[in-house]
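Inside the fold
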Amino acid sequence: MKPWARYLILGVAGVVAGFGSAIYTVRAGALGSNVMIGPWATGVDFGSADQSARTRAVVARRGLLALPAREARYYSSATDDAGRPLDGRCSYRITGGALPGRWWSLTLYDGDGYLAGDGPYSVESAAIRAGEQGRWTMLVSPDRQAGHWLPTARLDHFELTLRTYLPSDAGTTSPARDQLPSIRREACK
């Protein structure tokens, strides 16, 4: 084989491998994998001029309006507390308390980042009674549940995104110290 043909093949293979690697990194990347807090991942550069190219790509792919840290923090989870992938045929108990923001919401997405099922799609802090704010429970299940519930639509895989707005520290401290809800698998069908 001629030397120029080898160089051409190697060049094309390098471009394909690089492009494939970049696509995999963005698709597999959780929203901000800089900081892990139990099963939750978050980043520190959302909505800032300092955000990395990877963060910009993940935000663009997910269609997320990323506000700066002084206005919002985003936490995502694709696993439960035991590290198992979230499975839409299973039921989960999410237990939390006061979160580091004035208002928060928890939303369920399919593996591609779209809202799943027929709703409700999200539960927000305003739905939690004042007496429950210090310790609340939410159920994530394929079957309707009493109380605060998000349907899984029996997806093979789903993700949860927790958004806290107007963080009490104005986004100036590390999110690693935040106390976030636990995600415990209860049963699978």
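Values in this document were obtained by computation on a predicted structure and should not be read as measured data.

Attention now goes to the packing of aromatic side chains. This model, assessed by the stated rule, comprises three aromatic pairs. Ring geometry for tyrosine 92 against phenylalanine 158: centres 5.8 Å apart, planes inclined by 80°, an arrangement best described as edge-to-face. Of the two residues, tyrosine 92 sits in strand S4 (residues 90-96) while phenylalanine 158 sits in strand S9 (residues 158-165), which places them 66 residues apart along the sequence. You'll find tyrosine 92 and phenylalanine 158 in the same group, each marked buried. Note on tryptophan 103 and tyrosine 165: the rings are 5.4 Å apart at their centroids and 45° apart in plane angle, and the pair reads as tilted. Linking tryptophan 103 in strand S5 (residues 103-110) with tyrosine 165 in strand S9, this pair joins segments that are 62 residues apart in sequence. Residue classification places tryptophan 103 among the partly exposed residues on the basis of a relative accessible area of 36%.

A few words on the nonpolar core. If you look at the biggest cluster of nonpolar residues, it comprises 24 residues, and the most contacted ones within it are Trp40, Ile94, Trp104, Leu106, Met138, Leu160 and Leu162. Listing elements by their share of this core, those giving two or more residues are strand S1 (35-37), S4, S5, strand S7 (136-141) and S9. What isoleucine 94 contacts, discounting residues up to four positions off in sequence, is Leu106, Trp136, Thr137, Met138, Val140, Leu160, Pro181, Ser182 and Ile183.

Taken as a whole, this structure holds nine salt bridges when the rule is applied. With a shortest N-O distance of 3.3 Å, aspartate 156 and arginine 89 are connected by a salt bridge. A residue pair is termed long-range when its members are at least 10 positions apart, and aspartate 156 in the loop between strand S8 (149-151) and S9 and arginine 89 in the loop between strand S3 (72-77) and S4 qualify at 67 residues. On the basis of relative accessibility, which here comes to 35%, the residue arginine 89 falls in the partly exposed class. A single salt-bridge network, built from bridges that share partners, covers Asp80, Arg84 and Arg185.

Here the focus is the sheet that holds strand S10 (residues 182-188). What links the strands of a sheet is backbone hydrogen bonding, and the strands pair in either a parallel or an antiparallel sense. Spatially, S8-S7-S4-S10 is the arrangement adopted by the four strands of the open sheet, whose pairing is mixed. Each of the sheet's edge strands pairs with one partner strand only, and the pair in question is S8 and S10. Going across the sheet, the axis of each strand differs from the next one's by a mean of 20°, ignoring polarity.

Okay, unusual backbone geometry next. Here the bond from glycine 119 into proline 120 is cis, since omega is 0°, no more than 30 degrees from zero. Mapped onto the fold, proline 120 is located in the loop between S5 and strand S6 (122-124). The residue alanine 153 is not glycine, and still its phi comes out positive at about 55°. Inspection of the secondary structure puts alanine 153 in the loop between S8 and S9. For alanine 153, a relative accessible area of 38% gives the class partly exposed. Positioned with a positive phi, leucine 166 is a non-glycine residue whose angle comes to about 55°. Turning to its location among the elements, leucine 166 is positioned in the loop between S9 and S10. Relative accessible area serves as the criterion here: at 43%, leucine 166 is assigned to the partly exposed category.

We now examine the pairing of S9. Summarising burial for S9: seven of the eight residues are buried, a large majority. In the sheet, S3 pairs with S9 via six bridges, with the strands oriented antiparallel. Bridged to tyrosine 75 within S9 is leucine 162.

It is worth spelling out the state of the cysteines at this point. Tallied over the entire structure, the rule returns one disulfide. Between the sulfur atoms of cysteine 90 and its disulfide partner cysteine 188 the distance amounts to 1.9 Å. Its S-S torsion of approximately 100° makes the covalent link between cysteine 90 and cysteine 188 right-handed. Taken together, the residues cysteine 90 in strand S4 and cysteine 188 in strand S10 connect sequence positions 98 residues apart. Assessed through its relative accessible area of 41%, cysteine 188 is described here as partly exposed.

What counts and how
- Residues numbered from 1 in each chain as written.
- Predicted model: local features only at pLDDT ≥ 70, side-chain atom pairs only at ≥ 80, totals over all residues.
- Heavy atoms only, no water.
- Phe/Tyr/Trp six-rings, centres within 6.5 Å; stacked < 30°, edge-to-face > 60°.
- Helix = DSSP H or I, 4+ residues; strand = E, 2+ residues; numbered from the N terminus.
- Buried < 20%, exposed > 50% of the residue type's maximum accessible area, 1.4 Å probe, protein only.
- Core = buried A, V, L, I, M, F, W, Y, C linked by side-chain atoms within 4.5 Å.
- Contact = heavy atoms within 4.5 Å.
- Salt bridge = Lys/Arg side-chain N within 4 Å of Asp/Glu carboxyl O.
- Pairing = 2+ DSSP bridges.
- Axes fitted to C-alpha atoms, helices over the stretch in contact; angles between N-to-C directions.
- Disulfide = S-S within 2.5 Å.

What is shown is where atoms sit, not what they do.
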